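As a plain string of letters, each chain reads:
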Amino acid sequence: MSANRPAAVVVLAAGEGTRMKSATPKVLHAICGRSLVGHVVAASRELSPEHLVVVVGHAREQVTAHLAEIDAEVRTAVQHEQNGTGHAVRMGLEELSGSGVALDGTVIVVCGDTPLLTGATLERLASAHATDGNAVTVLTAEVPDSTGYGRIVRDAASGAVTAIVEHKDATDAQRAIREINSGVFAFDAQLLTDALGKVRTDNSQGEEYLTDVLGILREAGHRVGAAVAGDHREILGINNRVQLAEARRLLNERLLERAMLSGVTVVDPGTTWIDATVTFEPDALVHPGTQLLGATHLAAHSEVGPNTRLTDTTVGEGAVVSFTVADRAEIGAGAGVGPYAYLRPGSRLGAKSKAGTYVEMKNASLGEGSKVPHLSYVGDATIGDHTNIGAASVFVNYDGVNKHHTTIGSHCRTGADNMLVAPVTIGDGAYTAAGSVITKDVPPGSLAVARGQQRNIEGWVARKRPGSAAARAAENAHQDHQSDQ
């Protein structure tokens, strides 16, 4: 639990985000495995707040449903009309007070479109707020170019914040200031509640500005302080697709750096993309062109890539996965997958098994040491240990209405170009002949042959395709055969 546990965190996520030019609400756009607001909620949770409330407005049904999926403990407050940031915070506090919550302590306000913000930075903000005894503490950042941002004006002697001046209102001297307002604040809960009731709307937008609270508290004799973010990029908000892509790149770099510092080898970070929810063990190896998504986990000494995409997939110790797409699959220790394999949901590969070149699996388990080397489809099946599936095999699992299951025992050998028509069972140690269509169960230790007898029709090409290249080749072959005799 955070040493400076806040009474509440209020996340502002009511805006429409028109510059995204999207039917999807801005805060629901995703980067690195989470929505924008999902990243903010995750960072806020690191503080272990007593209450976490997200203020929703535009497309509130979608946003509320999403929040319920990612964090069942999140409260939502509705800002029916977007009347400014101060009004949004007031709606958040009224949601809590209406539920009988009496806030005592620190309230932290964050924006729902700042996915790079970290829990560590919010912790430093809360700590500075408590240590300095401020009524409000502003999270600030020193940026290379402060154009367009609100400047932080400080008292030269005490370092207290005396004003936040918007770019359009700033003097030349103030415009030279590189410390800017992030829009993230820590407030004394009671003082914030009182000050919000005094915020006026006599401005060009006719809205309640949260920044006006700072002036109200300062005029009342309270101290306004600041905490500077260690990396100015953390406070970047997302307003359009260009900024969304830039945030994705920055967050991906952060995640890859964390992975590499924990012992993972990433051969080419520039072409490797991972989600925030991916986990690793030391000495995993990731080759170029790889995407690791969702709850994917790479065990020690596993090797993934190149050109591989894994979603919610577990890769066991020492397994090798190359040129593969896998979704909700389990790959056992020492297993081999690919190149050019497709593991669909429910694929489970045992230790030292193999799903090889141009193999597709779905809802199928492959036992320890078993192999599907190439050119096969394995759907709705259970395969025992140390069994080999011949090339170009198809598990015929669908009758047009229902899916059916195929069971193959251990130490079996199925021939190349087999059609295994489910439901069917092949017992332990059984064999099937190449080119067979297996429609009946095969007892253990048996050989199943299910194919028509071969019949050669002599002279068919000469009669049916006279003058063709094939006919000429056949005639030449006959003549060569006769001359050899």
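The preceding data block contains the structure.
Remember, it's a predicted structure, so these values are computed and weren't measured experimentally. (Residues numbered from 1 in each chain as written. Predicted model: local features only at pLDDT ≥ 70, side-chain atom pairs only at ≥ 80, totals over all residues. Heavy atoms only, no water.)

Draft legend 1. The arrangement of the layout of surface pockets in detail. Looking at the largest pocket, its volume works out to about 1500 Å³. Taken together, 43 residues line the largest pocket, and the ones lying closest to its centre are Lys-26, Thr-85, Cys-111, Asp-113 and Asn-239. For the lining of the largest pocket, the secondary structure elements donating two or more residues are β1 (8–13), α3 (85–98), β10 (179–188) and α8 (241–261). Split by residue class, the lining of the largest pocket holds 17 nonpolar, 19 polar and seven charged. For the second largest pocket, the calculated volume is near 290 Å³. Where the lining of the second largest pocket is concerned, the elements lending two or more residues are α1 (36–45) and α8. Here the element with the most residues in the lining of the second largest pocket is α8; it accounts for four residues. (1 Å grid on protein atoms, 1.4 Å probe; cavity = no way out; pocket = protein on both sides within 12 Å on 5 of 7 lines; lining within 4 Å. Points joined across faces, edges and corners; volume = space filled by probe spheres on them. Helix = DSSP H or I, 4+ residues; strand = E, 2+ residues; numbered from the N terminus. Nonpolar A, V, L, I, M, F, W, Y, C, P; charged D, E, K, R; others polar.)

Draft legend 2. Structural context of the state of the cysteines. In this structure the tally under the stated criterion is zero disulfides. With no disulfide of its own, Cys-32 lies closest to Cys-111 among cysteine sulfurs, the gap being 20 Å. (Disulfide = S-S within 2.5 Å.)

Draft legend 3. Examining the environment of Gln-243 more closely. With respect to the helices and strands, Gln-243 occurs in helix α8. Put simply, Gln-243 and Gly-230 are 13 residues apart on the chain and 20 Å apart in space, counted from C-alpha to C-alpha. At a separation of 2.6 Å, a polar atom in the side chain of Gln-243 contacts the main-chain amide nitrogen of Asn-239. (Polar contact = N/O pair within 3.5 Å; in protein donor to acceptor, adjacent residues only side chain to side chain.)

Draft legend 4. The arrangement of the pattern of salt bridges in detail. Within the structure shown, the criterion is met by 13 salt bridges. In this structure, Asp-71 and Arg-45 form a salt bridge, with 2.7 Å as the shortest nitrogen-oxygen distance. Remark: Arg-45 occurs in helix α1 and Asp-71 occurs in the loop between α2 (60–70) and β5 (75–78); sequence separation between them is 26 residues. Look at Asp-71 and you get buried, because its relative accessible area is 12%. The class of Arg-45 is partly exposed, set by a relative accessible area of 27%. Its salt-bridge partner being Arg-90, residue Glu-94 comes within 3.4 Å of it at the nearest N-O pair. In this pair, Glu-94 and Arg-90 are both assigned in helix α3, four residues apart and thus about one turn of the helix distant. Classification of Glu-94 by relative accessible area gives partly exposed; the value is 40%. Each of Arg-90, Glu-94 and Glu-208 takes part in a single network of salt bridges with overlapping partners. (Salt bridge = Lys/Arg side-chain N within 4 Å of Asp/Glu carboxyl O. Buried < 20%, exposed > 50% of the residue type's maximum accessible area, 1.4 Å probe, protein only.)

Draft legend 5. View of the packing of α3 against helix α6 (residues 189–196). Between α3 and α6, the least distance of the axes is 10 Å, while the angle of their chain directions is 125 degrees. By the angle between their axes, α3 is oblique relative to α6. The crossing of α3 and α6 is left-handed. Facing α3, whose interface residues are Gly-86, Val-89, Arg-90 and Leu-93, α6 presents Leu-192, Thr-193 and Leu-196. Each residue belonging to the contact of α3 with α6 can be placed in one class, and the counts come to four nonpolar, two polar and one charged. (Axes fitted to C-alpha atoms, helices over the stretch in contact; angles between N-to-C directions. Parallel < 35°, antiparallel > 145°, perpendicular 65-115°, else oblique. Left-handed = near helix turned anticlockwise from the far one by under 90°. Contact = heavy atoms within 4.5 Å.)

Draft legend 6. Region of the structure containing the packing of aromatic side chains. Following the criterion strictly, the structure yields three aromatic pairs and no others. Relative to Tyr-340, the ring of Phe-323 has its centre 5.2 Å away and its plane inclined at 40 degrees; by these criteria the two rings are tilted. On the criterion of sequence distance, the pair formed by Phe-323 in the loop between β21 (320–321) and β22 (324–327) and Tyr-340 in the loop between β24 (336–337) and β25 (341–343) is long-range, its members being 17 residues apart. Cluster of aromatic residues (ring-pair linked, three or more members): Phe-323, Tyr-340 and Tyr-358. Over the face of the ring belonging to Tyr-398 we find Lys-403, whose NZ or CZ atom lies 5.4 Å from the ring centre. (Phe/Tyr/Trp six-rings, centres within 6.5 Å; stacked < 30°, edge-to-face > 60°. Lys NZ or Arg CZ within 6 Å of the ring centre and 35° of its normal.)

Draft legend 7. Layout of the nonpolar core. Phe-280, Leu-292, Leu-298, Leu-343 and Met-361 are the most contacted members of the largest nonpolar core, which totals 55 residues. Secondary-structure elements contributing two or more residues to this core are α8, β25, β27 (354–366), β28 (371–383) and β34 (424–426). A total of seven residues in this core trace back to one element, the largest contributor, which is α8. Not counting the four nearest positions on each side in its chain, Leu-298 is found in contact with Thr-279, Phe-280, Glu-281, Ala-284, Val-286, Leu-292, Val-304, Leu-310 and Val-315. Judged by nonpolar contacts, the second largest core, of 34 residues, contains Ala-14, Val-55, Leu-196 and Leu-214. (Core = buried A, V, L, I, M, F, W, Y, C linked by side-chain atoms within 4.5 Å.)

Functional significance is not addressed by these values, which are geometric in nature.
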